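Observations on chain architecture
Below are the chains, spelled out letter by letter.
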Amino acid sequence: MENTFQKIPFLRIALAFAIGIVVGNQLHLTCTLSLSILATLLFLLAVTHLKYRYQLDSFFGLTVHLFFIVMGVFIVNNYNSEPRFHKQGIFVGTILETPQEKQNSYRSTLSLSSVKSNDSIYTSNENILVYFTKEERLKTLKPGSTIIINATPRQIENYGNPYEFNYKNYLQNKRIYRQAFLSEEDWAPTPYKSRSIRTEAELLREHLLKIYHRQNLRANETEILSALTLGYKQDLDPETKRIFSAAGAMHVLAVSGLHVGIIFMVYSFFFGFLRKRKTSRFIFIVAGVLLLWTYAGLTGFSPSVMRAATMFSIVIIGTNLNRRANIYNSLAASALILLLINPNYLFEVGFQLSYSAVFGIVFLQPKLEKLLLVNNKILKFIWSLFCVSLAAQITTFPLTVFYFNQFPTFFWLSNIVIIPAVTLLIPLGLSLLIFSKITLISNALSFLVGGLIRVIYIILENIESLPYSTLNISLHSTELLLLILFLFFTFLFVQKHLVLYLKTAGIFLFAFTLSIFLFNLSQHHKREMYVLNNSQNPSIMLIAGRTNYVISKTPIAEDDFLYRNIQNIKNKKRLNTPVFLLSGDLHNDQYLLLQNGLLFFEGKSLCLNHERLVPYPNFSPDYIIAERNFKFEPTQYKNVPKLILTNQYRSFSEERNIFSVKLKGAFYDKWNSPKNQITPHQTGKNKQKLAVSTQNS
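Residues numbered from 1 in each chain as written. Predicted model: local features only at pLDDT ≥ 70, side-chain atom pairs only at ≥ 80, totals over all residues. Heavy atoms only, no water.

**A short note on the overall build of the protein**
As a reminder of what qualifies: Counting from the N terminus, the helices are the DSSP runs of H or I reaching at least four residues and the strands are the DSSP runs of E reaching at least two. Using C-alpha atoms as the atom set, the radius of gyration is obtained and then compared with a globule rule of 2.2 Å times the number of residues to the power 0.38. With a 1.4 Å probe rolled over the protein chains alone, any residue whose accessible area is under 20% of its type maximum counts as buried; one over 50% counts as exposed, and the rest are partly exposed. Residue contacts are defined here by distance: any two heavy atoms, one from each residue, within 4.5 Å place the two residues in contact. For the accessible areas, the method is Shrake-Rupley and the probe is 1.4 Å, while residue cover comes only from the protein chains on display. We score Asp and Glu as negative and Lys and Arg as positive, and we do not count His or the chain ends. For this purpose, a charge sits on NZ of Lys, CZ of Arg, CG of Asp or CD of Glu.
Within the protein, the regular secondary structure consists of 22 helices and 23 strands. For the protein, whose C-alpha radius of gyration is 30 Å, the value lies close to the compact-globule estimate of 26 Å for 697 residues. Projecting the C-alpha coordinates of the protein onto the three principal axes gives extents of approximately 100 × 70 × 65 Å. The buried share of the protein, taken over its 697 residues, is 47%. Pairs at least 24 apart in sequence give 63% of the contacts found in the protein among residues at least 6 apart. Total accessible area on the protein stands at roughly 36900 Å², and carbon and sulfur atoms take up 60% of it. The averaged location of the 41 negative side-chain charges in the protein is 10 Å from the averaged location of its 68 positive side-chain charges.

**Things to note about the nonpolar core**
What counts is decided by this rule: Here, the term nonpolar core denotes a set of buried Ala, Val, Leu, Ile, Met, Phe, Trp, Tyr and Cys residues that are joined through side-chain atoms within 4.5 Å.
One finds I224, F244, L253, Y295, I418 and L460 to be the most contacted residues of the largest nonpolar core, which totals 82 residues. Non-local contacts of I224, meaning those with residues more than four positions away in its chain, are made with L236, T240, F244, L253, I453 and Y457. Of all hydrophobic cores here, the second largest spans 26 residues; its members include Y328, F363, C387 and L482.

**Concerning the pattern of salt bridges**
Basically, it comes down to this: One speaks of a salt bridge when a side-chain nitrogen belonging to Lys or Arg is within 4 Å of a carboxyl oxygen belonging to Asp or Glu.
If you walk through the whole model with that rule in mind, you get 17 salt bridges. The residue E126 makes a salt bridge to R178 at a minimum N-O spacing of 2.8 Å. On the criterion of sequence distance, the pair formed by E126 in the loop between β4 (120–123) and β5 (127–132) and R178 in strand β8 (residues 176–182) is long-range, its members being 52 residues apart. Summarising the burial analysis for this pair, E126 and R178 share the class buried. Note that K142 and E206 form a salt bridge whose closest N and O atoms lie 3.1 Å from each other. Here K142 is found in the loop between β5 and β6 (145–149), whereas its partner E206 is found in helix α6 (residues 197–213), with 64 residues between them in sequence. Linked by salt bridges that have partners in common, R218, E221 and R454 make up one network.

**Looking at the sheet that holds strand β14 (residues 547–552)**
The cut-off we apply is this: DSSP bridges decide pairing: two strands pair if at least two such bridges lie between them. Only the stretch in contact is used when fitting a helix axis, every axis being a line fitted to C-alpha atoms; angles between N-to-C directions are given from 0 to 180 degrees.
Read across the sheet, 5 strands follow the order β15-β14-β13-β12-β23 without closing on themselves; strand pairing throughout is mixed. This sheet does not close on itself; its edge strands, each paired only once, are β15 (579–582) and β23 (667–672). Averaged over neighbouring strand pairs, the angle between their axes works out to 15° when direction is ignored. Where strand β12 (residues 526–532) and strand β13 (residues 539–544) come together, 6 bridges link them in antiparallel fashion. Bridge pairing in β13 places R527 opposite A544.

**Things to note about the packing of aromatic side chains**
Going by this rule: When two rings of Phe, Tyr or Trp (its six-membered ring) have centres within 6.5 Å they constitute a pair, described as stacked for plane angles under 30 degrees, edge-to-face for angles over 60, and tilted for the intermediate range. Whether a charge sits over a ring depends on NZ of Lys or CZ of Arg being within 6 Å of the ring centre and within 35 degrees of the ring normal.
Counting across every chain of the model gives 31 aromatic pairs. Pairing F359 with F363 gives two aromatic rings, centres 5.5 Å apart and planes at 5°, and the pair type is stacked. Placement of both F359 and F363 in helix α13 (residues 349–363) is noted, with a separation of 4 residues, approximately one turn of the helix. By relative accessible area, which is 3% here, F363 ends up buried. Ring geometry for Y549 versus F601: centroids 6.2 Å apart, planes at 80°, classification edge-to-face. Here the residue Y549 occupies a position in strand β14, and F601 occupies one in strand β18 (residues 598–601), the gap between them amounting to 52 residues. Judged on exposure class, the residue Y549 and its partner F601 are both buried. Here the aromatic cluster, defined as three or more aromatic residues joined through ring pairs, consists of Y328, F359, F363 and F491. Positioned above the aromatic ring of Y79 is the side chain of R175, whose terminal nitrogen or guanidinium carbon lies 5.3 Å from the ring centre.

**Concerning the sheet that holds β18**
Pairing in this open sheet of 7 strands is mixed, and the strands run β16-β17-β18-β19-β20-β21-β22 from one edge to the other. This sheet does not close on itself; its edge strands, each paired only once, are β16 (587–588) and β22 (658–660).

**Some thoughts on a nonpolar patch on the surface**
The test is simple: Exposure above 30% relative accessible area and the absence of a salt bridge qualify a residue for a patch, where like charges join within 9 Å and nonpolar side chains (Val, Leu, Ile, Met, Phe, Trp, Tyr) within 5 Å.
A cluster of nonpolar residues, I434, F435, I438, L440 and I441, forms a patch on the protein surface that exposes about 500 Å² of accessible area. Tracing the backbone shows F435 in the loop between α16 (411–434) and α17 (439–464). A residue is classified by how much of its surface remains accessible, and F435, at 33% relative accessible area, is partly exposed.

**Some thoughts on the side chain of T396**
Test applied: Within 3.5 Å is the distance limit for a polar contact, defined as a pair of N or O atoms, with the added protein rule that one can donate a hydrogen and the other accept it, and that residues adjacent in sequence qualify only through two side-chain atoms.
Looking at where T396 falls in the secondary structure, it is placed in helix α15 (residues 377–404). Polar side-chain contacts of T396 include one of 2.7 Å to the backbone oxygen of A392. Non-local contacts of T396, meaning those with residues more than four positions away in its chain, are made with L353, S356 and A357.

**Quick look at the packing of α16 against α17**
Put simply, the rule is: Every angle not falling under 35 degrees, over 145, or within 65 to 115 is termed oblique; those three ranges are roughly parallel, roughly antiparallel and roughly perpendicular. Crossing chirality is assigned from the near helix's rotation relative to the far helix, an anticlockwise turn below a right angle marking it left-handed and a clockwise turn marking it right-handed. Classification used: nonpolar for Ala, Val, Leu, Ile, Met, Phe, Trp, Tyr, Cys and Pro, charged for Asp, Glu, Lys and Arg, polar for all others including Gly.
At a minimum axis separation of 10 Å, α16 and α17 run at an interaxial angle of 160°. Considering their axes alone, α16 and α17 lie roughly antiparallel with respect to each other. The chirality of how α16 crosses α17 is left-handed. Contacts from L413, S414, V417, I418, A421, L424, L425, L428, G429, S431 and L432 of α16 reach α17 at S442, L445, S446, V449, L452, I453, I456, I459, L460 and I463. Classifying every residue of the contact of α16 with α17 by side-chain character gives 16 nonpolar, 5 polar and no charged.

**As for helix α7 (residues 219–230)**
Applicable threshold: A helix is expected to span 1.5 Å multiplied by its residue count minus one.
Over its 12 residues, α7 extends 16 Å from the first C-alpha to the last, a length consistent with the 16 Å expected when each residue adds 1.5 Å. Of all the 12 residues making up α7, 10 are buried; the element is thus mostly covered by neighbouring parts of the structure. Burial in α7 covers these residues: E221, T222, E223, I224, L225, S226, A227, L228, T229 and L230. On its buried face, α7 sits against α6, α8 (238–246), α9 (257–271), α10 (278–298), α16 and α17. Count one or two residues on from α7 and you reach G231, which has phi positive near 70°.

**Considerations on the environment of I156**
Following the sequence through the fold, I156 ends up in the loop between β7 (154–155) and α5 (167–172). Separated by 212 residues in the primary sequence, I156 and L368 place their C-alpha atoms 47 Å from one another. Setting aside residues no more than four positions away along its own chain, I156 makes contact with L129, Y167, K168, L171, I176, Y177, R178 and Q179.

**Section: the environment of L331**
Counting through the fold element by element, L331 comes out in helix α12 (residues 327–341). Taking the relative accessible area as the measure of exposure, L331 reaches 7% and is therefore buried. Through-space distance from the C-alpha of L331 to that of S226 is 28 Å; in sequence the pair is 105 residues apart. Those residues within four positions of L331 in sequence are excluded, and the remaining contacts are M311, Y355, V358 and F359.

**Focus: the side chain of S389**
As for its position among the elements, S389 is in helix α15. Not counting residues within four places of it along the chain, the set of residues in contact with S389 comprises F411, W412 and N415.

**A short note on the pairing of strand β3 (residues 106–117)**
Relative to β3, strand β1 (residues 90–95) runs antiparallel, the two sharing 6 bridges. Among the inter-strand pairings, I95 is bridged to a residue of β3, identified as L110. Joining the antiparallel neighbours strand β2 (residues 100–101) and β3 is a turn of 4 residues. Bridge count for β3 against β5 is 6 bridges, and the pairing is antiparallel. Its bridge partner lying in β5, T109 is registered against L129.

**What about the packing of α9 against α10?**
Closest axis-to-axis distance for the α9/α10 pair is 11 Å, and the angle between their directions is 150°. When the axes of α9 and α10 are compared, the crossing they make is right-handed. Contacts between α9 and α10 involve H259, V260, I263, F264, Y267, S268 and F271 from the former and I283, F284, A287, G288, L291, L292 and Y295 from the latter. Within the contact of α9 with α10, the residues separate by chemical class into 11 nonpolar, 3 polar and no charged.

This is the structure we're talking about:
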């Protein structure tokens, strides 16, 4: 691996450029300063080249790497420079995607082109999210439709809950900073249409999706086929997503390198004869590259398909020009090209998983396959698929558990079934689009496609239902780094067989294990409280070691955003399954007493959801948690409680004892387990006595 790193130039350049992007994402340099540094480094490179001596070799290499690091800083800062935000006026914009139905609205992306403010017209290059109230006019909106809106876009903000998905940062990486909520009176369509590559690709994909919907396929089959072939996942049923995810087959529903590879394999099978002659080889290269990028257009130019199309294009060109195509060089070159176009790809989970998986397949799969010699062709094919799946899972495992907090145990079994099936489904699905107007052929293809999808679904459903099909595992940033370093030095040992690498891998594995042990040990003594930011259902999470409670106003359904947020906290802190309670419940155990809206937990007392609080004699709660502000008289209490408001936007900077969850995000407090604590049974009795006395008073 060391020799590989030294020999291939694009790998070194891409790594330096990626480091620059990471640095630039944290360190914002002015354009003038960045260009000045780049010019200085170029001058040093030119002088070193003219006066080149062997002694300057290291200096020259270091300067080259610094140049690409600074270039990464410059490009990411320039790319992420915020557009000019017009705070008010009448906006004109183009719909980039057909509005998708949500629970209470329709959502789309709007590209603003101009804004009229104070009798002046300004150009704009900002993309915003728009949410429409449900109405009939939305059916006329297609990609390229132009509309006028009379509403001020607002900055996108996160809820501020712990371990939640950073939606704001996710959209900023797509250069979307604001959103607008539009009622019927806030927007109007225009007769003008705007055309671009993106809108034309979206319109074409929409046309192809309609062809699928006209075939003799069930709704679920159409949704799966649309995701497999065209990368359209908006209509996928949540249950389908859950089954594919738990079975370890979710990757096939996101069009990526696997799908592009199948397209290229089918193309090579039918037109590989063109490689035999010099003239026809040129036709093979041009047609192959055009095919890959046409397919990328059909999928809406998703980043994963663009990555795969870029890499396969480089491989096609390099291989057929009689150049030795080093796969690592091709991977690095495709990554560099994509990062030059959009440096934010580096922070996308799909980008990281794609390159990790391909590296695993290229580096590990041949070594794993050699461990067992199989002569039978069928068994050899199954063994090869198993090795491909295992190699990809080994290299993506750290990222998978870090981002998704789960690991599909039977991924190898799912992939043995799903990869051959998808290899058949993609060409069959695309053939169905081509021959859709020939009834006899389209009916036959629909029968085959529908039957194959049903078989796949039943198999994955059975795999998902197996015991321990999904393991809940989570990693923190430090543990992720230690695990990646362990794998890196393990791979070096596999390649070079040097004991030093094995010892280094062992050190990082020990550090990884120690980090987990210390975290669990520290968590055992912690007592924590979160008041979560959720206006529809104000909720509190209380944590004592690994035991935890969730007290909410109304029951929390498993498909709620709030439930997923609670599960994220549970997984990241490695807690037991939460005990879900309602604020009006009666509950008493060794840690918690909940009665009459009063809550006692590990040395802390809370008053829940009281619109107005009548002070109790000789009793002051540590926290009062209310939805809205009420007349609060701190002097009435012996110890002034903290007032936490869950459903009111207001700044309380001058009032230290008032905290707005809606304004500042989740409220958090922590303390150590109470000292001199008596037995749980006695503690429960004392708490109950206090609750009864306060109730009687």
